[in-house]
Amino acid sequence: MEHREEMSKVRKGESEMDPRAKLSPTEGEPAPSQDVQLDEQLIRRKVQSLCSVRYGIAFSVHICNFILMAQNVIMNITMVAMVNSTDHQAQVNVSTEGLPAHALGGPNQAPKSLPAEVPVYDWDPQTQGIIFASVNYGTLLTLTASGYLAGKVGTKKVVAVALFGSSLFTLCTPLAADLGLVYLIVIRIAQGVCQGAGLGGQFALWEKWSPPHERSRLCSIALSGFALGPSIVILLSGFICLVLGWPFAFYIFGAIGCICFLLWIGLVFDDPISHPWISISEKEYIISSLAQEVTSSRQPLPIKAMISSLPLWSMIFCCFGHQWLVIVLVIYTPTYISSVFNINIRDNGILSALPFLFAWVCSILAGLLADFLLTKNFRIVTVRKMATLVGNLPPSAFIVALPYLSSSYITTITLLILACGLSTFSQSGIHINALDIAPRHSSFLMGASRGFAHIAAILAPTVSGFLLNQDPEFAWRNVFLLLFAINTLCLIFYLLFGKADVQDWAKEKKLTRL
């Protein structure tokens, strides 16, 4: 007892002499260092992050991207029901072998199952390619401008108008198709204008909402909506076309878009300062983590320096090559499966949706992996290039192999699943690289890079439709070889010249006083 009392007196004296001893988790041990305290704070933030407002914002953008992409690709699966495919079947088939009768539902039962009153159009593959590409004509017009506009007036307003407009034009698509091909193309272009504003305008959010070490994760959650959209719409549209008719696919997803527009208005805010429900601790954490990147003062765009920036051009060209890959996958996966295996639209929808469901999962995992590597002291440029490499080279190689392995439907679907899944790794690479090299101008640059990349969204279906119409025997092989060549060249350019440090022209210019 006496020994214990003496020890307690000694400890009490030590604590009075050194106030830091009170903070020690174990009496008699030195106080923890600042690094240990910071690590504990980071662990607490990770636990609390999933319930935080910034992740709620990421999920809201995820839903918005899901709707925009779903409305964009409805035509890709409904086209199987909208055209009289028997007139053009020989032009696009590369294999006469269909699925086994016991695999899903038997070969090509669509003509017997479709509602009798549903209109059918006589569009050849080249015309279909023009229809597919028309939505991207409008998208190209607004991607760059919407990124700049969102930096000025805020993402909330720009994306809200885009979401409502895209939903409205989606509802009008069946009527436009009945009126004629020209009306349909005009409606698709108008829809593309709205979707371009939504795609390009959303990136200004991450200037204000994404802490640097959570950037890959938050952006991957938001951008993964682009993968979920095609999977759900392709899966459901096949059943909708069989039961209700293809026009109802446009009516249903157009109505859902109008509902999501109302949710966007009420839940999304441009920055933490204006958000009414965010906690003070989260607000201070976000603002302090971005203090070195973004200031309240807006500086003019250094256009001349941007034009001469090789890292910027390498990012833009790689976005172009990756977009070509994604467009071919999104647009032609249902058409390829239908033409090679000659199956009905319901089974086509199921098989075509599998690659995009896998891509949705991979896109989220890719963001988590990228942030994990950054916490292990990997260089940012290394992480960005690794993600970009995985998202481009293996997918394009798998696609090139498809025509040589089309005799096995299991192998074909497996390759499509791997190609779609791995392609989403680029979302943690080139697609957020602008936040690394020029955080102050990232909304404009991300809109501009996607605007340039969407030239591929116009060229890919147009050129692919032409190739499919000209060479019945080797059509798909030519389409996929062209994809591989473009994608690989753009990837090499980025691997050689891509950067991830803030460029000199993107740094804040400090005024010197005389």
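Where an unreviewed UniProt entry is consulted, the protein chain appears under the name Sodium-dependent phosphate transport protein 4 isoform X1, with the organism given as Echinops telfairi.

Undergrad: Sorry, what's going on with empty space enclosed by the protein here?
TA: Gaps between atoms show up when a probe of the same size as a water molecule is rolled over them. Applying the stated rule across the entire model yields 6 cavities of 30 Å³ or more. In this structure, the largest cavity encloses a volume near 410 Å³. Around the largest cavity sit 24 residues that line it, and Met69, Phe226, Gln323, Val326 and Val330 are the ones nearest its centre. Considering every element that reaches the lining of the largest cavity, the biggest residue donor is helix 15 (residues 310–341), with 6 residues. Of the residues in the lining of the largest cavity, the class split is 13 nonpolar, 10 polar and 1 charged.

Undergrad: Would you explain the pattern of salt bridges in this entry?
TA: Side chains bearing opposite charge may pair, as long as their charged atoms lie close to each other. Across all of its chains, the model carries 4 salt bridges by this definition. Arg54 is the partner of Glu214 in a salt bridge, and the nearest nitrogen-oxygen pair spans 2.8 Å. Here Glu214 is found in the loop between helix 9 (205–209) and helix 10 (215–223), whereas its partner Arg54 is found in helix 3 (residues 53–82), with 160 residues between them in sequence. Look at Arg54 and you get buried, because its relative accessible area is 3%. The partner of Arg217 in a salt bridge is Asp371, and the shortest N-O contact between them spans 3.4 Å. Linking Arg217 in helix 10 with Asp371 in helix 16 (residues 345–375), this pair joins segments that are 154 residues apart in sequence.

Undergrad: Before we go on, may I ask you to explain the packing of helix 3 against helix 16 in this structure?
TA: The relative placement of two packed helices comes down to the angle between their axes together with the axis-to-axis distance. Axis separation between helix 3 and helix 16 bottoms out at 12 Å; the angle between their running directions is 150°. When the axis of helix 3 is compared with that of helix 16, the two are roughly antiparallel. Viewed along their axes, helix 3 and helix 16 form a crossing whose handedness is right-handed. Across the interface between the two elements, His62, Ile77, Val80 and Ala81 of helix 3 pack against Ile345, Asn348, Gly349 and Trp360 of helix 16.

Undergrad: Looking at this structure, how should I read the packing of aromatic side chains?
TA: Aromatic ring pairs are defined here through the distance separating the ring centres and the angle between the ring planes. Overall, the coordinates contain 19 aromatic pairs when judged by the stated rule. Geometrically, the ring pair formed by Trp313 and Phe317 is tilted, given 5.8 Å between the ring centres and 35° between the ring planes. In this pair, Trp313 and Phe317 are both assigned in helix 15, 4 residues apart and thus about one turn of the helix distant. On the basis of relative accessible area, Trp313 is assigned to the partly exposed category, the value being 30%. By way of ring pairs, the aromatic residues Trp313, Phe317, Phe320, Trp324, Phe452, Phe493 and Phe497 are connected into one cluster. When the ring centre of Phe269 is taken as origin, the NZ or CZ atom of Lys156, which lies over that ring, is 4.3 Å away.

Undergrad: Teacher, can you tell me more about the nonpolar core here?
TA: Proteins that are soluble and globular tend to have nonpolar side chains buried together. With 118 residues, the main nonpolar core has Trp206, Trp246 and Trp264 as its most contacted residues. In terms of residue count, the dominant contributor to this core is helix 3 (19 residues). Residues in contact with Trp206, not counting those within four places in the same chain, are Ile57, Ala58, Val61, Leu218, Cys219, Ala222 and Leu435. Within the second largest apolar cluster, 5 residues are counted, among which are Ala150, Val158, Ala197 and Ala204.

Undergrad: Please clarify how unusual backbone geometry should be interpreted in this entry.
TA: A positive phi angle, near 65°, is found at Asn377, a position not held by glycine. Tracing the backbone shows Asn377 in the loop between helix 16 and helix 17 (380–401). Taking relative accessible area as the criterion, Asn377 reaches 72% and is therefore assigned exposed.

Undergrad: Help me out: how do you make sense of the side chain of Ser314 in this one?
TA: Position of Ser314 relative to the elements: it lies in helix 15. The exposure class assigned to Ser314 is buried, which follows from its relative accessible area of 0%.

Undergrad: Honestly, the environment of Ala145 in this entry has me stumped. Any pointers?
TA: Relative to the assigned elements, Ala145 resides in helix 6 (residues 125–153). Remark: the alpha-carbon pair of Ala145 and Ser443, spanning 298 residues in sequence, is separated by 10.0 Å.

Undergrad: I would appreciate a short explanation of a nonpolar patch on the surface in the present structure.
TA: On the surface, Val243, Leu244, Phe248, Tyr251, Ile252 and Ile256 cluster together into a nonpolar patch covering about 500 Å² of accessible area. It is helix 12 (residues 247–267) that provides the largest number of residues to the nonpolar patch, a total of 4 residues. One can find Ile256 in helix 12.

Undergrad: What is the right way to read the environment of Leu418 from this model?
TA: Looking at the secondary structure, you find Leu418 in helix 18 (residues 409–423). Overall, Leu418 belongs to the partly exposed group, its relative accessible area being 31%. The spacing of Leu418 and Cys362 is 56 residues in sequence and 9.8 Å in space, taken between C-alpha atoms.

Undergrad: Any chance you could explain the state of the cysteines here in plain terms?
TA: By definition, a disulfide links two cysteine residues through a covalent bond between their sulfur atoms. Tallying each qualifying case throughout the model produces 0 disulfides. No disulfide involves Cys258; its sulfur sits 9.4 Å from that of Cys260, the nearest cysteine. Left without a disulfide partner, Cys318 is nearest to the cysteine sulfur of Cys319, which lies 6.6 Å away. Judged by its relative accessible area of 1%, Cys318 falls in the buried class.

Undergrad: How do you make sense of the packing of helix 16 against helix 17 when you look at a structure like this?
TA: At a closest axis distance of 10 Å, the pairing of helix 16 and helix 17 adopts a crossing angle of 155°. Between helix 16 and helix 17, the interaxial angle falls into the category roughly antiparallel. The chirality of how helix 16 crosses helix 17 is right-handed. When helix 16 is examined against helix 17, the residues Ala370, Leu373 and Leu374 are found in contact with a partner set consisting of Ile380, Val383 and Met386. When grouped by side-chain class, the residues that make up the contact of helix 16 with helix 17 number 6 nonpolar, no polar and no charged.

Criteria and cut-off values
Residues numbered from 1 in each chain as written. Predicted model: local features only at pLDDT ≥ 70, side-chain atom pairs only at ≥ 80, totals over all residues. Heavy atoms only, no water. 1 Å grid on protein atoms, 1.4 Å probe; cavity = no way out; pocket = protein on both sides within 12 Å on 5 of 7 lines; lining within 4 Å. Points joined across faces, edges and corners; volume = space filled by probe spheres on them. Helix = DSSP H or I, 4+ residues; strand = E, 2+ residues; numbered from the N terminus. Nonpolar A, V, L, I, M, F, W, Y, C, P; charged D, E, K, R; others polar. Salt bridge = Lys/Arg side-chain N within 4 Å of Asp/Glu carboxyl O. Buried < 20%, exposed > 50% of the residue type's maximum accessible area, 1.4 Å probe, protein only. Axes fitted to C-alpha atoms, helices over the stretch in contact; angles between N-to-C directions. Parallel < 35°, antiparallel > 145°, perpendicular 65-115°, else oblique. Left-handed = near helix turned anticlockwise from the far one by under 90°. Contact = heavy atoms within 4.5 Å. Phe/Tyr/Trp six-rings, centres within 6.5 Å; stacked < 30°, edge-to-face > 60°. Lys NZ or Arg CZ within 6 Å of the ring centre and 35° of its normal. Core = buried A, V, L, I, M, F, W, Y, C linked by side-chain atoms within 4.5 Å. Patch = residues over 30% accessible without salt bridge, like charges linked within 9 Å, V, L, I, M, F, W, Y side chains within 5 Å. Areas by Shrake-Rupley, 256 points an atom, 1.4 Å probe, with all protein chains shown as cover. Disulfide = S-S within 2.5 Å.

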